[in-house]
Amino acid sequence: MESEQTINLAQVANILRKHVKLISLTTLLVTVLAVVATFWLMTPKYQATTNILVNRRVTATEQGGQLQQVQADVQMISTYKDIITSPTVLEPVSREVRDLPGHPDGLKQALQIENEPNSQVFSVTATATNPQTAAAIANKTAQSFKDKIGKIMRIDNVSIVSPATASGGAVSPKKAINILLGVVAGLLVGMSLAFIREATDRTVTSEKFLTEDLGITSLGIIGEIPQEQAQGRRTTESTLTGQTNTQAQRIQRRV
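A brief structural summary. (Residues numbered from 1 in each chain as written. Predicted model: local features only at pLDDT ≥ 70, side-chain atom pairs only at ≥ 80, totals over all residues. Heavy atoms only, no water.)

## Here's the deal with the packing of aromatic side chains
Following the criterion strictly, the structure yields 4 aromatic pairs and no others. Centre to centre, the rings of phenylalanine 39 and tryptophan 40 are 6.1 Å apart; their planes meet at 55°, and the pair counts as tilted. Here phenylalanine 122 and phenylalanine 145 contribute two aromatic rings whose centre-to-centre distance is 5.9 Å and whose plane-to-plane angle is 85°, an arrangement assigned as edge-to-face. Here the residue phenylalanine 122 occupies a position in strand 3 (residues 121–128), and phenylalanine 145 occupies one in helix 7 (residues 131–153), the gap between them amounting to 23 residues. Here phenylalanine 145 falls in the buried class, since its relative accessible area comes to 0%. Feature note: the residues Tyr80, Phe122 and Phe145 constitute an aromatic cluster, connected by ring pairs. (Phe/Tyr/Trp six-rings, centres within 6.5 Å; stacked < 30°, edge-to-face > 60°. Helix = DSSP H or I, 4+ residues; strand = E, 2+ residues; numbered from the N terminus. Buried < 20%, exposed > 50% of the residue type's maximum accessible area, 1.4 Å probe, protein only.)

## Remarks on a nonpolar patch on the surface
On the surface, Leu28, Val32, Val36, Phe39, Trp40 and Leu41 cluster together into a nonpolar patch covering about 650 Å² of accessible area. Secondary-structure assignment places phenylalanine 39 in helix 2 (residues 20–41). (Patch = residues over 30% accessible without salt bridge, like charges linked within 9 Å, V, L, I, M, F, W, Y side chains within 5 Å. Areas by Shrake-Rupley, 256 points an atom, 1.4 Å probe, with all protein chains shown as cover. Salt bridge = Lys/Arg side-chain N within 4 Å of Asp/Glu carboxyl O.)

## Observations concerning the packing of helix 5 (residues 87–96) against helix 7
Helix packing geometry: the angle between the two helix axes and the distance between the axes. In contact at an axis separation of 8 Å, helix 5 and helix 7 are set at 140° when each is read in the N-to-C sense. Taken together, the axis directions place helix 5 and helix 7 in an arrangement best described as oblique. The crossing of helix 5 and helix 7 is right-handed. Contacts between helix 5 and helix 7 pair Thr88, Val89, Leu90, Pro92, Val93 and Glu96 from the former with Ile137, Lys140, Thr141, Ser144, Phe145, Lys148 and Ile152 from the latter. Along the lines of polarity and charge, the residues of the contact of helix 5 with helix 7 split into 7 nonpolar, 3 polar and 3 charged. (Axes fitted to C-alpha atoms, helices over the stretch in contact; angles between N-to-C directions. Parallel < 35°, antiparallel > 145°, perpendicular 65-115°, else oblique. Left-handed = near helix turned anticlockwise from the far one by under 90°. Contact = heavy atoms within 4.5 Å. Nonpolar A, V, L, I, M, F, W, Y, C, P; charged D, E, K, R; others polar.)

## Considerations on helix 7
An ideal rise of 1.5 Å per residue puts 33 Å on 23 residues; helix 7 measures up with 32 Å between its terminal C-alpha atoms. The sharpest bend along helix 7 reaches about 30° and sits at aspartate 147. Of all the positions in helix 7, only Pro131, Thr133, Ala134, Ala135, Ile137, Ala138, Thr141, Ala142, Ser144, Phe145 and Ile149 are classed as buried. One side-chain oxygen at the N-terminal end of helix 7 lies 2.9 Å from the backbone nitrogen of glutamine 132; it belongs to asparagine 130. (Expected span 1.5 Å × (residues − 1). Bend = angle between axes of the 7 residues up to and from the residue. Polar contact = N/O pair within 3.5 Å; in protein donor to acceptor, adjacent residues only side chain to side chain.)

## Some words on the pairing of strand 3
With 6 of 8 residues buried, strand 3 lies mostly within the body of the structure. Note that strand 1 (residues 46–54) and strand 3 share 8 bridges and pair antiparallel. Bridge pairing links glutamine 47 to threonine 127 in strand 3. As defined by bridge partners, strand 2 (residues 111–115) adjoins strand 3 across 5 bridges and the pair is classed as antiparallel. In the strand pairing of strand 3, glutamate 114 is matched with serine 123. From the end of strand 2 to the start of strand 3, which pair antiparallel, there are 5 residues, and asparagine 118 there has a positive phi angle of about 60°. (Pairing = 2+ DSSP bridges.)

So, in structure tokens, the structure goes:
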């Protein structure tokens, strides 16, 4: 079993070595396509994040249940996430911010709401093709939520902890990752083509292919003569032929 595995690995290595030009060309082509798509075809996207704190004010008589109130506020964050992506909150944003990705369904897709476990603070992250637009969407959404939540749930203690700012760096596409994926994909495609080409190649390369694979009886093998040796033989034969002809002419003259 170990011997067969060694032979198979050797065959794989020989196939890859035999088609190294095809693999290299395919890898280069796919990598170039990945570079072109990353730098010229894909639209850069930017993100901006704002943090919101929502809690309820408690009276002096409710101080004893303040811990329970905080836990209740944490559990309510899932409800706040649904409210902040509702048309009630997003429609005013779509009217105020220009260059939106859509109205209002596309705006909802551009928002991402997250929070840390056991925290009353949750973040609103907006994604857009322009950094200023992303910051405007995040800030306007937070402000609209602050204005609407009091009427919806009678909550009057909403604070914007940190407003969103325009980011100078795009979050996508990931240039280095895309190029690396292009190299890996090119190698895989090139090796696949090499194995396919080897499997479909019916060129006779050995006696074993005829006798074992095709079941043909071998009558003999014609060896290959190197070009230099063949040229030397032709020169020798020409010399001998010339000498024979000269001797024959001399004999004829004597006769």
